[in-house]
Every structure is written in C-alpha cells, then in structure tokens.
Amino acid sequence: MQLWLIPILPLAGFLINGLFGRRFSKGLVNAFAIGSVVLAFLWVLKTLFGLGGLTAAYTEHYFTWIQSGALSVGCDFSVDRLTAVMLLVVTGIGSLIHIYAIGYMAHEGGYYRFFAYLNLFMFFMLTLVLAANYLVLFVGWEGVGLCSYLLIGFYFDKKIATDAGNKAFIVNRIGDFGFSLAMFLIFRQFGSFDFAHVFAQAPAAPVGLLTLIGILLMFGACGKSAQIPLYVWLPDAMAGPTPVSALIHAATMVTAGVYMTARSWVIYTHAPIAMDVIAYIGIATAFVAATIGLAQNDIKKVFAYSTVSQLGYMFVGVGCGAFSAGIYHLMTHAFFKALLFLGAGAVIHSLSGEQDMRQMGGLRAKIPWTFGVMLCASLAIAGFPFTSGFFSKDAILLAADHRAPWLYWVGVFTAGMTAFYVFRAFFMTFFGKYRGKEHPHESPPVMLIPLVILAGLSLVGGYLFKIPDFLRPVFPAVEAPEAFGPMAVASAAGLLGIALAYLMYVYRPGIPDSIASGAKGLYTLVYNKYFVDEIYDAAVVKPLVGGSRVVLWKGFDAGLIDGTVNGIGARAKGIGGVLRLAQSGNTRSYATWIAFGGVLVIFGMAAMIVLGGLR
Amino acid sequence: MMGHVPLSWFLMLSAVLFSLGVAGFIFRRNIITMFMSIELILNAVNLTFITFAYQRQQVAGHLLAFFVMVVAAAEAAVGLAIILTVFKNRETLNIDDLDSMKN
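Note that this is a predicted model, so its numbers are computed, not measured.

### Brief notes about the overall build of chain A
Then, number 1: Along its length, chain A carries 25 helices and 2 strands.
Then, number 2: Viewed in the frame of its principal axes, chain A has a C-alpha envelope of about 115 × 60 × 55 Å.
Then, number 3: Split into buried and exposed, the 615 residues of chain A put 54% on the buried side.
Then, number 4: In chain A, the 38 positive side-chain charges and the 27 negative ones have mean positions that sit 9 Å from each other.

Printed below as a string of structure tokens:
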C-alpha cells in the first residue's frame, strides 16, 4: 500500500523548500509545503479506504535497519485503527494549520524556513505514528522534539524565544532518558523492539519488570506530553509562532506521549501500579495546570496551561484503562485546541501582535468571524453538551468514576475550572469595552476557512467520529457503563464555570480584582505558577550550573587538566632554561663538551673492564 | 719491516696524534687551524684502523680507512667553502667571534 509515501511527501517538501526555498516566491513555497501535506492527507485517506476494515494491524517491511548480534531492527511501518486515527488527525489538522499559516506568516521573515521546518515536523510525526517498533518510534519522537526546538526558537533574534527552545529541548531530554532506559529493558527482556513481538510476550513477563518499563515509558511521555514534573517547557514554548503552538504544542506532538502509552497498553494492563501512577500524575497535572490557567493574562499562556491540563485528562483516561477514551480526547482536543490557538492567533494577528488580554476586550463586533469560531472552541473545551469535548471528557470521567470516585470528583472540579478560565479568556477578549490602541481588522479568508472547518469539527466531531467504537478491536473492552448521573454532573460543572466567568468578567467586572486583593497570597502563588520555575531553577539548574562551574570547570578542567598540561610545560621550560646555558654559541666550548663526554665514555668503559663486566 | 716495530707503538702514535688534534681543535682560535686539527684527528683514527687491520689480517679496516678519506675529502671541500664565505662576510677567522647562534 506504499505506506512510506505518507511521511516521504512532507520530507520532500522539507528538502525542496529547505534547499531552494530562499529563491522561491511565496506562492511556490506554499505550493510545495501545503501541497506535500495535503497530498499526504489524501494518500492516508486512499490507504485507509484501500485497507478496508483494518481489524488487524497491516505491516510493511522496507529494509533491515540495524543488524548486530541478537539485535535486529527493521524499518517497518504498520497501520492499525489506532494509527489510522493518529494519521488522520496529524495530516488533517496539519493540512488546515499549514493553510492557515499562509495568512498568519504572510508578513514574517524566514517564510520558507518556517514551512520547511513545519514539513520536517510532519515527516517525523508521521514516522512516529507509523512506526512498527520502539526504535523507529523513537526516531520520530526525537525528530519532532528537534522540530519543536527549531520552531519555538523560530524568532531566533529574541532571547526569550531561544531560551524557550533550549528549555523545551533539555526538559524533553530528561524524559527521553527514561524512554531510553525503558527501551533497554524491553530489549533485555524480550530481545526485540517490534510491537507485535513485545506485546505477544509481555503477559508472560515478570510484573515488577513490566511496572518498571511502564513507569520509565511514562517518564518519557511526561516529557513529551508536558506532565508533572516535566510540564514547565510547554508554557514557555508559546514564544514560537502561533501556528506552531497550534500544530505542535497543542494538536499533535504533545499528544505523542499519550499515543505511546496507549500503544503500549499491553504492558500497562499487566502493570497495574504503573497505570495508577499515570492516572495520579494525569489528574494532578490536570488540576494544577487548570489552577495556574485561572490567573494568566497572556492569551496564549492561558491556552498553554489549558493544553497541559487537557493532556492530564488524557493521561487519566489511559491510566484508568480507558485507552480509547484517552485517544478520543486526544482527537477532540486536537480539534478544539488547535482552533483555540489559531483563533487566538487570529486575534493576535488582528491586533498586530498584542497578546495581553488586558489590552483586548470588545472585539466581538470588530472581528465577528473569529468571535464565532472561538465561541465554538470554548464551548467544546468546556464540555458543553453535545460538543466534541463533551463526549470525550465524559468518556474519561466515566472511566475515572469507575476506577475511583475521588479521581472523578477532582476531574469534575477541574472541568469546571477549565470552563471558567477558557470563558474568562473569551469574555476578556471579546466582551466589554476595547482597551487597546491598535485598530483590529478581520483575518483574511485563507486563515478563516481552516478556522471554520475546525469550528465545525469542534462542535460535531465528537458525535461524528465515535473513536471508542472504532478502536474496540485494538484495546481491551472498557467496563465503565454509560451512566447519566456522572455525565450530568460533569456538564453542570462546565456550565457553572461558564456562568461564573460571565458573572465575573461581563456582568460584574469588579469581582476579580476584589478576589485578587482579598486572597492576595493565593493569587500571587497562582499568578506566579506556584513558583515552579523558580523552584526548579533553585533546586536543579543553579546547583547544576554552579557545580559545573566550580567542580567541572574550575576544579577539573582548569585545575586538573590545565594544571597538568601547564605544569608539564612549566617544568620543561625550567629544565630548558638550565640547559640553555650550555648552548653558548661558542664552537670551542661545544668541542670541550664533546671531548669531556668522550673522556667520560672512555673512563666508563675502562671502569667496566676493570670491574670485569665487559669483555 | 712492520714486524720489527711493536703494534703498541703505532697505537701510541695514533693516540698522540689524536690528542694533538683534539687539543688543537679546542685551544686554537683560527678556523683554518681547527680545520687542520680535524684532519689530524681523522688521520689518527685512520692509523688505528690500518693497524688493527694489519694485526688481524682483515680487509674491513682498510675499507673504513678509505671511507674516512673520501668523507674527509668531501668535508674539506665543503668546509673550505664555508670558511671562505665566513671570511667574506665577517672578515675574521676567529672562532670566538662567530657566535651569532647564541640568543
């Protein structure tokens, strides 16, 4: 079925634009960049139609990549229903965001570079999704990390952007360390990286080892999918262009961790402790990130923390054994969070770069289309009944309820907060009086059309694509029954959050300030994101930098290595200084030395003969 | 005829010539004189070679003596050329004045 064409198309786009894009017109760059991704999308559709029901995985083997002793790793691609969902999300949303970026990046420098990186990202993401073994998946995993770094630091003349890029890369590296260790253990236990091989043997493996592998894999996922304790890079990653935030840091790359854990479900179902850890980390992240989102004023920061929080939900789904619910939320989240970011991008674009919501307000009448699509997205993320977020979030919360009621209640409370902070941002942006100075203008159609399509998907996508039903052949059955009670409570929490936001930011705009001054300590804590960055800085970064400076640089490098080399040099110089005196330039003194040496040799030999040593 | 003269005399003569050469090389300041002292040293060594070759009835000593002669001839050609050039440039043959290698 030529699966390899799917990732190769964007790679070709990357190579053409990356090598020759500088000389191309914008139209030509667009043609290659968007054309390659749209073609990949069409090829995905054709492949999936051609494969029919896909009840079993379809695998293609291209070549043996690594052959060394017992290790044999093939470059294999595989498609099953889980991969199909991911392929459609990545190429579908990716195409829309590429088209949107034409309008958004129209006035930016480095146009071709942007699209080249974006295409490279698509290549690696599709490799990650299509991989039939852990090592090829890891190639994609690292590749998307690289593209994330490149695109966060796209405005490389801004220190804040390059710092954010470094932070994302380094924090991800910490997670990847766990992932690598997990892969070592997998190879040691199963002797292979192939999913089919590993999962067939996993049930027979010792539980302790599976738990360890599961937790290490999860640690890798925590880095990529921005979970506690490694979530700190994602909010900073918003320094990149907004289409990047939408594509990489909301819709696709950050969900790779969820995909990977769902892919490894066999390991997790046999390691209950690892699953518990995932669920706890997920719910903690969802809750903490939501509280931080309550007090942010940068519109992209709000959505960034919202992404962290929603990823936490997906982890709760996976951790409760409802893998399909996690993937369901992954898909609907891709719809509405991409839309939220792109809508926020449209707002920022219309205000010529303003991101502070305190400088917005009253934009409802000025950019009505953006207003409309943002309303759709906000309703979807708030879990408004029958929007896409409603279905997927309920699927997760039902599974959580089945697993442990307290997980459910924290989830419901977080859902209420989610609705509140999203609508807070919505009301601050579109309602009240305009507080800024720029003249807002509606975005061009090339940006609006993808927004409208995503808005449609956000509203009805959850109903159209019943992912849990579709994924039934892939994952074990979820026992959680459809229950009306918990569903109604969750929806009510969302509606309550919306109402509260309306009350505080439209009806009585004075309330937030009085709360902020009333609970000053709490507000400062939340506003400063619990000082997590500062704590990490003090606990990890500073000691590491200080230790490197004092021990490694001053102590080891400058002290020991330089000291040894310089010491040898100084001794040689000292000895040479003494010997130098013999080099008088006077021929007769040299001759004397030679004669002296000759006499010494003769005396030496005579002594040896006398002592009987030499015959 | 050689048979009447003891071997040690030849060696003694050689040692005397050698020492004279070394002393001349070290204590004389004129380059030409030093040059001649080198020739004296070489010939003293040659005499030793020949002496031992005669005593042991072996041709290797003769061979080496010829080698030394050839090298000495070449050395004389090059050496005299150098001395000429030095004299042209410095207008002196005092070895103690030719110490520009120092520092």
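### Thoughts on the domain arrangement of chain A
Interface size, as often reported, equals the accessible area lost upon joining of the parts.
Then, number 1: Annotation of chain A at the domain level lists domain 1 (273-519), domain 2 (528-567) and domain 3 (586-615).
Then, number 2: Centre-to-centre, using C-alpha coordinates, domain 2 of chain A lies 59 Å away from domain 3 of chain A.

### Some remarks on the pattern of salt bridges
All names here are of chain A.
Then, number 1: Inspection of the entire model under this criterion finds 12 salt bridges over all chains.
Then, number 2: The partner of aspartate 176 in a salt bridge is arginine 173, with the nearest N and O atoms 2.9 Å apart. In this pair, aspartate 176 and arginine 173 both sit in helix 6 (residues 159-190), 3 residues apart, roughly one turn of the helix.
Then, number 3: Classification of aspartate 176 as buried rests on a relative accessible area of 4%.
Then, number 4: Its salt-bridge partner being lysine 542, residue aspartate 537 comes within 3.3 Å of it at the nearest N-O pair.
Then, number 5: Residue lysine 542 is classed as exposed on the basis of its relative accessible area, which comes to 53%.
Then, number 6: Within this structure, Glu142, Arg173 and Asp176 form a network of salt bridges that share partners.

### Observations concerning the packing of helix 25 (residues 587-611) of chain A against helix 1 (residues 7-27) of chain B
Then, number 1: At a minimum axis separation of 8 Å, helix 25 of chain A and helix 1 of chain B run at an interaxial angle of 145°. Contact residues: A:Arg588, A:Ala591, A:Thr592 and A:Ala595 in helix 25 of chain A; B:Val22, B:Phe25, B:Ile26 and B:Phe27 in helix 1 of chain B.
Then, number 2: Of the residues belonging to the contact of helix 25 of chain A with helix 1 of chain B, the class tally is 6 nonpolar, 1 polar and 1 charged.

### Some details on the interface of chain A and chain B
Then, number 1: Contacts between the two partners involve 10 residues from chain A, matched on the other side by 14 residues from chain B.
Then, number 2: Here chain A packs against chain B, burying approximately 850 Å² in sum over the two surfaces, 57% of which is carbon and sulfur.
Then, number 3: Looking only at chain A, the three residues that lose the most surface to chain B are A:Gly585, A:Thr587 and A:Arg588, adding up to 55% of its buried area.
Then, number 4: Our count for the chain A to chain B interface comes out at 1 salt bridge.
Then, number 5: On the surface where chain A and chain B come into contact, there are 2 residue pairs in polar contact (both at pLDDT 80 or more).
Then, number 6: Counting residues per element, the side of chain A that touches chain B draws most heavily on helix 25 of chain A, which supplies 5 residues.

### Examining the packing of helix 21 (residues 484-507) of chain A against helix 22 (residues 511-518) of chain A
Residue and element names in this part refer to chain A.
Then, number 1: Look at helix 21 against helix 22: their axes get within 7 Å of each other, and the N-to-C directions meet at 105°. When the axis of helix 21 is compared with that of helix 22, the two are roughly perpendicular. Facing helix 21, whose interface residues are Leu503, Met504 and Tyr505, helix 22 presents Ile511, Pro512 and Ile515.
Then, number 2: When the residues that make up the contact of helix 21 with helix 22 are grouped by side-chain class, the tally is 6 nonpolar, no polar and no charged.

Definitions and cut-offs
- Residues numbered from 1 in each chain as written.
- Chains lettered and ligands numbered in written order.
- Predicted model: local features only at pLDDT ≥ 70, side-chain atom pairs only at ≥ 80, totals over all residues.
- Heavy atoms only, no water.
- Helix = DSSP H or I, 4+ residues; strand = E, 2+ residues; numbered from the N terminus.
- Buried < 20%, exposed > 50% of the residue type's maximum accessible area, 1.4 Å probe, protein only.
- Lys, Arg positive; Asp, Glu negative; His and termini not counted.
- Charge placed at Lys NZ, Arg CZ, Asp CG, Glu CD.
- Domains from an automatic or database assignment.
- Salt bridge = Lys/Arg side-chain N within 4 Å of Asp/Glu carboxyl O.
- Axes fitted to C-alpha atoms, helices over the stretch in contact; angles between N-to-C directions.
- Contact = heavy atoms within 4.5 Å.
- Nonpolar A, V, L, I, M, F, W, Y, C, P; charged D, E, K, R; others polar.
- Buried area = accessible area lost by both parts, 1.4 Å probe.
- Polar contact = N/O pair within 3.5 Å; in protein donor to acceptor, adjacent residues only side chain to side chain.
- Parallel < 35°, antiparallel > 145°, perpendicular 65-115°, else oblique.

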